2 protein chains.
Amino acid sequence: MTTGVRRRMGVEERRQQLIAVALELFSHRSPDEVSIDEIAAAAGISRPLVYHYFPGKLSLYEAALRKAADDLAGRFVEPHEGPLGARLLRVMGRFFDFVDEHGPGFSALMRGGPAVLPSGGGTTLTGTPATNALIGSVRQAAYEEIISHLEQPEPPARLELVVRSWVSLAESTALIWLDGRRVPRAELELQLVHDFAALAAVSAAYDEEMAGILRRVLGDEPADGPFGDLLVRLAALAPAG
Amino acid sequence: MTTGVRRRMGVEERRQQLIAVALELFSHRSPDEVSIDEIAAAAGISRPLVYHYFPGKLSLYEAALRKAADDLAGRFVEPHEGPLGARLLRVMGRFFDFVDEHGPGFSALMRGGPAVLPSGGGTTLTGTPATNALIGSVRQAAYEEIISHLEQPEPPARLELVVRSWVSLAESTALIWLDGRRVPRAELELQLVHDFAALAAVSAAYDEEMAGILRRVLGDEPADGPFGDLLVRLAALAPAG
């Protein structure tokens, strides 16, 4: 079909290439700092051609963020096999892989990043309805996946609160980690598994229904799993007497 | 100075009145849904006069959010007296007072709310650099206040992470609570105090420096305070044997 030396890409193939190039650039710098010119140069095409595939900067950026959001939601998917603590620890490993790979992009997106004011002529990427909806959909996917592992088809309000607030805790822990990486990520992955148990335990300490759920979950855990020794270690911290 | 029947307000007085009116409206609906016309009507002045005191919608909204942010940061200020758990519980009471009073405004701001796209001609209020900076300054104020109570002038990275991630947990717990208010707020206020101890304990379970800090903090707590019985209750949840 083409007489050119370089093979001409199909429309969808070119769109996917531009999305991949954008995500690669967002892994090093905040999306707000990356121009269409840079994306065009990195893709080896002209700026006007980028606009042939995406009508505006926002549409390309949103497509890239949608792909990243799908990727992130996918990292929470875990087979329903084996002890729960070990499952959650594997999920945390994949979550931190994602955070590691997409550092500045993840950070800008979740922080509602350093968006440019409309009056400044820049593009407001973060905090738009589309990006907020993407963040919300990832949080919802993570929430539903965890609830499915807990086998609570109709989770009580306190369990929903524990799971949703833990998802938020995982986000903020990852964001704080990205700012200097002063604690080894493996430690934080394990810590977040323990935090889940700890938040559930706090809720269970004052609510019988939550206590029943927690006992059932912990009852299936092996003593040498990531949930196994936590409460014993916590008990050791209690003031003597 | 004026011959009118109604006393004419000074510039700063009028600005403060408009800010108060805006905040009152934001306590019932998201800022993005509140128009300048409504604010003018509620203040009993004309729309053009609003623009005399604030050059644009964004400047009035940012002034209102700045006042709310100052108010919120102030709720974290607590005398350095008495047991830490009781101090934090009082702070949580004032925090939930704020959340209760400013429901939709707080929610829209922290969620990066349902902002209107620039191309739609609307005002993007949330996710702007100014509002993001405000949110960041409140988080920083809360963080610094807590660190000062822990008497750790040079907090280790793990303590910084625990405190900052707990601040984020308090935010998300409040946001989830606002969505239906299905758990009594007093329970969540106490739960967040316990969550703080639990997150610190998880970090301390695997780090000697954090364990030392936690033992010192818990050592000063009365047995009947909000920190006092938590670890004992948690220990009771541990699987027997």
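Rules behind the numbers
Residues numbered from 1 in each chain as written. Chains lettered and ligands numbered in written order. Predicted model: local features only at pLDDT ≥ 70, side-chain atom pairs only at ≥ 80, totals over all residues. Heavy atoms only, no water. Helix = DSSP H or I, 4+ residues; strand = E, 2+ residues; numbered from the N terminus. Expected span 1.5 Å × (residues − 1). Buried < 20%, exposed > 50% of the residue type's maximum accessible area, 1.4 Å probe, protein only. 1 Å grid on protein atoms, 1.4 Å probe; cavity = no way out; pocket = protein on both sides within 12 Å on 5 of 7 lines; lining within 4 Å. Points joined across faces, edges and corners; volume = space filled by probe spheres on them. Nonpolar A, V, L, I, M, F, W, Y, C, P; charged D, E, K, R; others polar. Core = buried A, V, L, I, M, F, W, Y, C linked by side-chain atoms within 4.5 Å. Contact = heavy atoms within 4.5 Å. Salt bridge = Lys/Arg side-chain N within 4 Å of Asp/Glu carboxyl O. Phe/Tyr/Trp six-rings, centres within 6.5 Å; stacked < 30°, edge-to-face > 60°. Arc of directions from axis to C-beta. UniProt positions renumbered as here; feature names shortened; annotations may be inferred. Axes fitted to C-alpha atoms, helices over the stretch in contact; angles between N-to-C directions. Left-handed = near helix turned anticlockwise from the far one by under 90°.

A. Helix α7 (residues 129–150) of chain B, seen in detail. All names here are of chain B. Its 22 residues give α7 an end-to-end C-alpha distance of 31 Å, which sits within 8% of 32 Å, the value for a rise of 1.5 Å per residue. Looking at α7, one finds that the buried residues are Thr131, Asn132, Leu134, Ile135, Val138, Ala142, Tyr143, Glu145, Ile146, Ile147, His149 and Leu150. One or two steps after α7, the chain reaches Glu151, where phi turns positive at roughly 55°.

B. Structural context of empty space enclosed by the protein. Residues and elements named next belong to chain B. Counting across every chain of the model gives ten cavities of 30 Å³ or more. The volume enclosed by the largest cavity comes to roughly 230 Å³. Along the wall of the largest cavity there are 22 residues; nearest its centre are Leu72, Phe98, Phe106, Leu109 and Met110. Looking at the lining of the largest cavity, the elements that each hand over two or more residues are α1 (11–26), α4 (57–75), α5 (84–101), α6 (103–111), α7 and α8 (157–178). When residues of the lining of the largest cavity are assigned to their parent elements, the largest contribution, five residues, is made by α7. Its residues assigned to classes, the lining of the largest cavity shows 18 nonpolar, two polar and two charged.

C. A look at the nonpolar core. One finds Phe95, Phe106 and Trp166 of chain A together with Phe95, Phe106 and Trp166 of chain B to be the most contacted residues of the largest nonpolar core, which totals 157 residues. Ignoring anything within four residues of it in the chain, the contact list for Phe95 of chain A reads Leu72, Arg75, Phe76, Phe106, Ala170, Glu171 and Ala174 of chain A.

D. Representation of the pattern of salt bridges. By the definition in use, this model includes 34 salt bridges over all chains. One salt bridge in this structure joins Glu78 of chain A and Arg90 of chain A, with 2.7 Å as the shortest N-O distance. With Glu78 of chain A in the loop between α4 (57–75) and α5 (84–101) and Arg90 of chain A in helix α5, this residue pair connects regions lying twelve residues apart in the sequence. Among the residues examined, Glu78 of chain A registers a relative accessible area of 5% and is labelled buried. Where Glu101 of chain B meets Arg75 of chain B, a salt bridge forms, and the shortest distance between an N and an O atom there is 3.1 Å.

E. Structural context of the environment of Phe106 of chain A. All names here are of chain A. Relative to the assigned elements, Phe106 resides in helix α6 (residues 103–111). Given a relative accessible area of 4%, Phe106 falls into the buried group. Separated by 41 residues in the primary sequence, Phe106 and Leu65 have C-alpha atoms spaced 9.2 Å apart. Other than its neighbours up to four places away in sequence, Phe106 contacts Leu72, Phe95, Phe98, Val99, Glu171, Ala174, Leu175 and Leu178.

F. Focus on the packing of aromatic side chains. Counted by the stated rule, this structure contains 14 aromatic pairs over all chains. Judged by centre distance (5.5 Å) and plane angle (90°), the rings of Trp166 of chain A and Phe196 of chain A are edge-to-face. Pair noted here: Trp166 of chain A is in helix α8 (residues 157–178) and Phe196 of chain A is in helix α9 (residues 185–205), with a separation of 30 residues, a long-range link. Exposure class is identical for Trp166 of chain A and Phe196 of chain A. Each is buried. On the numbers, 5.6 Å between centres and 85° between planes, the contact of Phe95 of chain B with Phe96 of chain B is edge-to-face.

G. Structural detail: helix α2 (residues 36–43) of chain A. Residues and elements named next belong to chain A. Taken as a whole, α2 has its buried residues at Ile36, Ile39, Ala40 and Ala43. Seen along its axis, α2 keeps its buried residues to an arc of 100°; they face one direction. Buried residues belonging to α2 abut α1 (11–26), α3 (47–53) and α4. Of the residues one or two after α2, Gly44 is the one with positive phi, at around 75°.

H. Broad picture of the UniProt feature "DNA-binding region" (unreviewed entry) in chain A. UniProt's feature table lists "DNA-binding region" (unreviewed entry) at residues 35–54 of chain A, given in the numbering used throughout. The distance separating the terminal C-alpha atoms of residues 35–54 of chain A is 14 Å; by composition the span is 75% helix and 0% strand.

I. Molecular detail of the packing of α1 of chain B against helix α2 (residues 36–43) of chain B. All names here are of chain B. Following both chains from N to C, one finds α1 and α2 inclined at 115°, their axes separated by 9 Å at the closest point. Here α1 runs over α2; the crossing is right-handed. Listed contacts from α2 to Arg14, Gln17, Leu18, Val21, Ala22 and Leu25 of α1 are Glu38, Ile39, Ala42 and Ala43. Residue composition of the contact of α1 with α2, by class: seven nonpolar, one polar and two charged.

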